[in-house]
Every structure is written in structure tokens, then in C-alpha cells.
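Letter by letter, the chains look like this.
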Amino acid sequence: MSYFSSIYSDNLLPSRAKAVYMYLRDRSDKECRCWPGVNTIAADLNFSRSTVKRALNDLEKRRYIKRLPRHRANGSRSSNLYVLIDK
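The rules behind the values
- Residues numbered from 1 in each chain as written.
- Predicted model: local features only at pLDDT ≥ 70, side-chain atom pairs only at ≥ 80, totals over all residues.
- Heavy atoms only, no water.
- Pairing = 2+ DSSP bridges.
- Helix = DSSP H or I, 4+ residues; strand = E, 2+ residues; numbered from the N terminus.
- Contact = heavy atoms within 4.5 Å.
- Axes fitted to C-alpha atoms, helices over the stretch in contact; angles between N-to-C directions.
- Core = buried A, V, L, I, M, F, W, Y, C linked by side-chain atoms within 4.5 Å.
- Buried < 20%, exposed > 50% of the residue type's maximum accessible area, 1.4 Å probe, protein only.
- Lys, Arg positive; Asp, Glu negative; His and termini not counted.
- Salt bridge = Lys/Arg side-chain N within 4 Å of Asp/Glu carboxyl O.
- Expected span 1.5 Å × (residues − 1).
- Arc of directions from axis to C-beta.

### A closer look at the sheet that holds strand β2 (residues 65-68)
Here's step 1: Reading across the sheet, the three strands line up as β1-β3-β2 and stay open at both edges, with antiparallel pairing between neighbours. Two strands close off the open sheet at either side, each with one partner strand: β1 (33-34) and β2.
Here's step 2: When β1 meets strand β3 (residues 81-84), the two strands line up antiparallel, connected through two bridges. Its bridge partner lying in β3, R33 is registered against V83.
Here's step 3: Where helix α2 (residues 15-27) meets the sheet, it contacts β1, β2 and β3, and its direction lies at approximately 95° from that of β3.

### Some remarks on the nonpolar core
Here's step 1: Y21, L24, L56, L59 and I65 are the most contacted members of the largest nonpolar core, which has 21 residues in total.
Here's step 2: Looking at this core, the elements with two or more residues in it are α2, α3 (38-45), α4 (49-61) and β3.
Here's step 3: Examining the composition of this core, we find that five residues originate from one element, α2, more than from any other.

### Description of the side chain of K18
Here's step 1: Looking at where K18 falls in the secondary structure, it is placed in helix α2.
Here's step 2: The charged side chain of K18 is buried without a salt bridge, its nearest counter-charge being D10 at 6.6 Å.

### A short note on the pairing of β3
Here's step 1: Strand direction decides the pairing type here: β2 and β3, joined by four bridges, are antiparallel. Counterpart to I65 in the pairing with β3 is L84.

### Thoughts on α4
Residue pairs three or four apart in sequence face the same way in an α-helix, which turns once every 3.6 residues.
Here's step 1: End to end, α4 covers 18 Å across 13 residues, agreeing with the expected 18 Å (1.5 Å per residue, within 8%).
Here's step 2: Among the residues making up α4, those that are buried are T51, V52, A55, L56, D58 and L59. In a view along the axis of α4, the buried residues occupy a sector of 160°, so they form one face of it.
Here's step 3: In the core, the buried residues of α4 are packed alongside α2, α3, β2 and β3.
Here's step 4: With its phi angle positive at about 60°, R63 sits one or two positions after the end of α4.

Here is the structure:
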């Protein structure tokens, strides 16, 4: 069974979140982790930054992803680490 089957059948998940999930899945490594920036996701999907942020919130609420903050050596924020959760 495809790992997309759970999001395809989730009628409570907006289409924007499904698109972002597929984007993250496509860019994830063997351990289902990736770290694209919101600007990168928005540009690649032709979405606004706010749409991407809403989609990420939707995915986190529905427990499809876990979002972990990342920091540079000087302490400034970097892109988040996204861990995709198989259901």
C-alpha cells in the first residue's frame, strides 16, 4: 500500500496540506526527514508563504509530520527539520 493512502483518504486534510506532504515526502531521506525552508516550498509549489504555513500546521495537527526547530552555530534559526510520520 502506498504511503500516500492515508492522506488520500483523510477528508479532514485540506488539499494544500496534501500537496505539501507529497512535496516533503518527495524530498525526504531514508529516515523520512527533510528540511526545506518555507520560502523554498512556497516557490516550488507556487503557494504563498502563509498557505505553506497553514498546510504545515494542518499536517502537524493531524500527526502526519513532526516539526523540529534547527539552529545555526551562531544561534540564529535555520529551516525546520520535518519528520514524516507513517500512519
